[in-house]
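Spelled out from the first residue to the last, the chains are:
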Amino acid sequence: MASHSLWVFGYGSLCWYPGFEYRSSRIGHIKGFSRRFWQGNTTHRGVPGKPGRVATLVEDGETFTHGVAYELVGEAALSYLNGREVTLGGYTTLFTEFYPREGSAFPALLYVATPSSQHWLGNAPLHQIADQVVSSRGASGHNVEYVLRLAEFMHEHVPECRDEHLFQLEQLVRLRVKEARLCLRTLMGERAPSPVSSSEDEEVAPAAQRTTSFQFTSAVPAKKLRCLGV
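Conventions we followed
Residues numbered from 1 in each chain as written. Predicted model: local features only at pLDDT ≥ 70, side-chain atom pairs only at ≥ 80, totals over all residues. Heavy atoms only, no water. Phe/Tyr/Trp six-rings, centres within 6.5 Å; stacked < 30°, edge-to-face > 60°. Helix = DSSP H or I, 4+ residues; strand = E, 2+ residues; numbered from the N terminus. Buried < 20%, exposed > 50% of the residue type's maximum accessible area, 1.4 Å probe, protein only. Expected span 1.5 Å × (residues − 1). Arc of directions from axis to C-beta. Contact = heavy atoms within 4.5 Å. Core = buried A, V, L, I, M, F, W, Y, C linked by side-chain atoms within 4.5 Å. Pairing = 2+ DSSP bridges. Salt bridge = Lys/Arg side-chain N within 4 Å of Asp/Glu carboxyl O.

(A) Seen up close, the packing of aromatic side chains. Using the criterion set out here, one finds 11 aromatic pairs in the structure. Taking the centre distance of 4.8 Å and the plane angle of 50° together, the rings of Trp 7 and Phe 106 count as tilted. In this pair, Trp 7 sits in strand E1 (residues 7-10) while Phe 106 sits in strand E5 (residues 106-112), placing the two residues 99 residues apart along the sequence. As far as burial versus exposure is concerned, Trp 7 and Phe 106 are alike and both buried. Judged by centre distance (6.2 Å) and plane angle (90°), the rings of Trp 38 and Trp 120 are edge-to-face.

(B) Highlighting helix H2 (residues 74-87). The end-to-end C-alpha distance of H2, which contains 14 residues, comes to 20 Å, matching closely the 20 Å that a straight helix rising 1.5 Å per residue would cover. Every buried residue of H2 is listed here: Ala 77, Tyr 80, Leu 81, Arg 84 and Glu 85. Along the long axis of H2, the arc covered by the buried residues comes to 105°, so they all point the same way. Facing away from the buried side of H2 by more than 90 degrees, the exposed set consists of Glu 75, Ala 76, Ser 79 and Thr 87. In this structure, the buried residues of H2 make contact with E1, helix H1 (13-16), strand E3 (52-72) and E5.

(C) Local environment of the environment of Tyr 17. You can see Tyr 17 is positioned in the loop between H1 and strand E2 (22-41). Judged by its relative accessible area of 29%, Tyr 17 falls in the partly exposed class. In the structure, Tyr 17 is positioned 133 residues away from Leu 150 in sequence and 9.6 Å away in space, judged by C-alpha atoms.

(D) Spotlight on the nonpolar core. Counting 55 residues, the largest nonpolar core has Phe 20, Phe 37, Val 144, Met 154 and Val 173 as its most contacted members. Residue contributions to this core peak at eight residues, all from helix H4 (residues 143-157).

(E) Up close: the pairing of E1. The alternating pattern of E1 places Trp 7 and Phe 9 and Val 8 and Gly 10 on opposite faces, both of which are buried. Note: E1 against E3, four bridges, orientation antiparallel. Note that in E3 the partner of Phe 9 across the bridge is Ala 69.

(F) Structural detail: the pairing of E2. The element E2 is largely enclosed, with a buried count of 16 among its 20 residues. As paired elements, E2 and E3 share 16 bridges and run antiparallel to each other. Looking at the pairing, Gly 40 lines up with Arg 53 of E3. Across three bridges, E2 lies against strand E4 (residues 92-100) in antiparallel orientation. Pairing of Ile 30 across the sheet is with Phe 98, part of E4.

(G) Region of interest: the pattern of salt bridges. Overall, the coordinates contain nine salt bridges when judged by the stated rule. Between Glu 85 and Arg 84 there is a salt bridge, and its shortest N-O distance comes to 3.2 Å. Exposure remark for Arg 84: the relative accessible area of 4% places this residue in the buried category. Arg 101 serves as the salt-bridge partner of Glu 160, at 3.0 Å between the closest nitrogen and oxygen. Of this pair, Glu 160 sits in the loop between H4 and helix H5 (164-179) while Arg 101 sits in the loop between E4 and E5, and the two are 59 residues apart along the sequence. Residue Glu 160 is classed as partly exposed on the basis of its relative accessible area of 34%. Counted as one network, the salt bridges with shared partners bring together Arg 45, Glu 145 and Arg 149.

Laid out in structure tokens, this is it:
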């Protein structure tokens, strides 16, 4: 039963690149939170002094936020997540009810950034957030990749999702990339395989372990991005 396992709810990059071993995944939603790009990031999608923008959750009445819940396997997955989200990302943890497309709700672990986080950037006009996204990159890749892969995941796997903040930001980012004549293929890097199985109730193959930013930085030499010269 889902209630006898530890599940984590992914609503950002965990949707399209969990990076840890899991037993199964389910698409669904949580209630009472909205997804917002109000958290800064200086390890994965930005650098100190030039942070990128990544997703967090803010309390918002009866609003739904769609994403993916993963059933964790072993202690290594939780340790990896705490390093990625808490130590490097500045998030805190809490539990809430997750509502899968089919079946009963069950508790899931959330990683949420709040104004007390050292990386918190807060609200800003979407056009300013888009400008920041297009000009930011970090050890895990360009900030454009983060936004567009999340939006693409929702379009493909969660067509019922109605997230105006995410989808308006997606359109603004695409427009900025086009206006600046940037190479979108370079910004996006190599496409990661979707972790979601064709049937969300089936057991899915464990995801490959994703290298954390500090390991990634030491393992990959600095190089210029094609088409950008940065």
